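A look at the structure
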Amino acid sequence: MGGAPLLMDVYDRLLKQYGAQGWWPARSPFEVMVGAVLVQATAWSNAEKAISNLRAAGALSASAIRGLEVEALEELVRPSGFFRAKARKLKALCEFLCERYGDDIASMSMDGTERLRRDLLGVYGVGEETADDILLYALGRPVFVVDAYTRRVFGRLGFDEAEARYGEFQALFHERLSRDAALYNEYHALIVRHANSTCRSKPLCEGCPLSAECPRVGV
Ligand code: SF4
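Residues numbered from 1 in each chain as written. Predicted model: local features only at pLDDT ≥ 70, side-chain atom pairs only at ≥ 80, totals over all residues. Heavy atoms only, no water.

Side note on the pattern of salt bridges
- The final tally for this structure, using the stated rule, is 14 salt bridges.
- When salt bridges with common partners are traced through the structure, they connect Arg 100, Asp 111, Arg 115, Arg 118 and Asp 119 into a single cluster. (Salt bridge = Lys/Arg side-chain N within 4 Å of Asp/Glu carboxyl O.)

The structure is reproduced here in structure tokens:
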């Protein structure tokens, strides 16, 4: 890892620069789950349009999604891209919620994190990032979410782990930060904010709150 900065120092700098992000932007844990599927491989603004469509159609519940014809669901989630696959993924997630928990999030919350994660990963269309979005932002579990933005920012900051497999990269955060859901919630949101506004594909290093410790600055 060489001279990479301390994780809490990065966090403190990002928080000072951007302020608390107030994530996840959703009205219920179920809406977080839907958003976690719809945001796959697209910008949040596109996922948001699809969620608005679902809400306007009265289809923002697991039972409503199960009851929709798949073609109708595809039309509602079309703005999020890959809409055919995402409609199937939402159906699969809602079937899982019914079969396992009777659509009761409180009952889901009774399960341990490892079991939840394993079971979520067994649902069609739920990969590690989506499962961890659900665990952290819908269920408040202390699981650090790793995404492409995390890899970009921390790769540039000199963390070799950013090239590693999901679990290995995630372990960096789990081992070096306290297992604190509120901290992980804010940290991931700040990474996304930083990657969107400053550490973009073409980074805007001037004025970056991490520039003093970043080996990539100015490159
Ligand atoms: S200094 Fe540049 S490359 Fe480094 S974190 Fe900031 S924006 Fe990204």
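Following the structure, the description resumes.
Looking at the site of the ligand
- Close contacts around the ligand come from Arg 156, His 194, Thr 198, Cys 199, Pro 203, Cys 205, Cys 208, Ser 211, Cys 214, Arg 216 and Val 217, and that covers them all.
- Here the shell around the ligand is built from residues that sort into 6 nonpolar, 3 polar and 2 charged. (Near = heavy atom within 4 Å. Nonpolar A, V, L, I, M, F, W, Y, C, P; charged D, E, K, R; others polar.)

A word on helix α11 (residues 166-176)
- For α11, the full list of buried residues reads Tyr 166, Phe 169, Gln 170, Leu 172, Phe 173 and His 174.
- Tucked into the core, α11 has its buried residues touching α1 (7-18), α8 (113-121), α9 (128-138), α10 (148-156) and α12 (181-197). (Buried < 20%, exposed > 50% of the residue type's maximum accessible area, 1.4 Å probe, protein only. Helix = DSSP H or I, 4+ residues; strand = E, 2+ residues; numbered from the N terminus. Contact = heavy atoms within 4.5 Å.)

Here's the deal with the side chain of Lys 86
- Summarising the element assignment, Lys 86 is placed in helix α6 (residues 83-101).
- No salt bridge is formed by the buried Lys 86; the nearest opposite charge belongs to Glu 129, separated by 11 Å.
- Beyond its immediate stretch of four places on either side in the chain, Lys 86 contacts Val 37, Leu 38, Val 39, Gln 40, Thr 42, Ser 80 and Gly 81. (Lys, Arg positive; Asp, Glu negative; His and termini not counted.)

Side note on the packing of α10 against α12
- Taken N-terminus to C-terminus, the directions of α10 and α12 make an angle of 75°; their axes are 9 Å apart at the nearest point. One finds that α10 runs roughly perpendicular with respect to α12. Contacts from Tyr 149, Thr 150, Arg 152, Val 153 and Phe 154 in α10 reach Tyr 187, His 188, Ile 191, Val 192, His 194, Ala 195 and Asn 196 in α12.
- Residue classes in the contact of α10 with α12 are distributed as 7 nonpolar, 4 polar and 1 charged. (Axes fitted to C-alpha atoms, helices over the stretch in contact; angles between N-to-C directions. Parallel < 35°, antiparallel > 145°, perpendicular 65-115°, else oblique.)

Some words on the packing of aromatic side chains
- A complete count under the given rule lists 14 aromatic pairs for this structure.
- Ring geometry for Trp 23 against Trp 24: centres 5.7 Å apart, planes inclined by 65°, an arrangement best described as edge-to-face.
- On the basis of relative accessible area, Trp 24 is assigned to the buried category, the value being 10%.
- The interplanar angle of 90° and the centroid separation of 5.1 Å between the aromatic rings of Phe 154 and Phe 173 together place this pair among those described as edge-to-face. With Phe 154 in helix α10 and Phe 173 in helix α11, this residue pair connects regions lying 19 residues apart in the sequence. (Phe/Tyr/Trp six-rings, centres within 6.5 Å; stacked < 30°, edge-to-face > 60°.)

Considering the side chain of Asp 132
- Note on placement: Asp 132 falls in helix α9.
- Not counting residues up to four positions away in its chain, the partners in contact with Asp 132 are Arg 117, Tyr 137, Val 143, Phe 144, Val 145, Tyr 166 and Gln 170.

Regarding the nonpolar core
- Ranked by size, the top nonpolar core spans 70 residues in total, and within it Phe 154 and Tyr 187 carry the most contacts.
- Each of two domains, domain 1 (7-22 + 144-213) and domain 2 (29-138), supplies a minimum of three residues to this core.
- Not counting residues up to four positions away in its chain, the partners in contact with Tyr 187 are Leu 7, Val 10, Tyr 11, Leu 14, Phe 144, Phe 154 and Leu 177. (Core = buried A, V, L, I, M, F, W, Y, C linked by side-chain atoms within 4.5 Å. Domains from an automatic or database assignment.)

Quick word on the domain arrangement of the chain
- On domain assignment, one finds that the chain holds domain 1 (7-22 + 144-213) and domain 2 (29-138).
- Once you take the C-alpha centre of each, domain 1 and domain 2 turn out to be 25 Å apart.
- Listed as interface residues are 11 residues of domain 1 and, on the opposing side, 7 residues of domain 2.
- For the pair domain 1 and domain 2, the summed buried surface comes to about 710 Å²; carbon and sulfur atoms form 60% of the total. (Buried area = accessible area lost by both parts, 1.4 Å probe.)

Looking at the state of the cysteines
- Inspection of every chain in the model, using the stated rule, returns 0 disulfides.
- With no disulfide of its own, Cys 94 has Cys 98 as its nearest cysteine by sulfur position, at a separation of 9.4 Å.
- Residue Cys 98 is classed as partly exposed on the basis of its relative accessible area, which comes to 32%. (Disulfide = S-S within 2.5 Å.)

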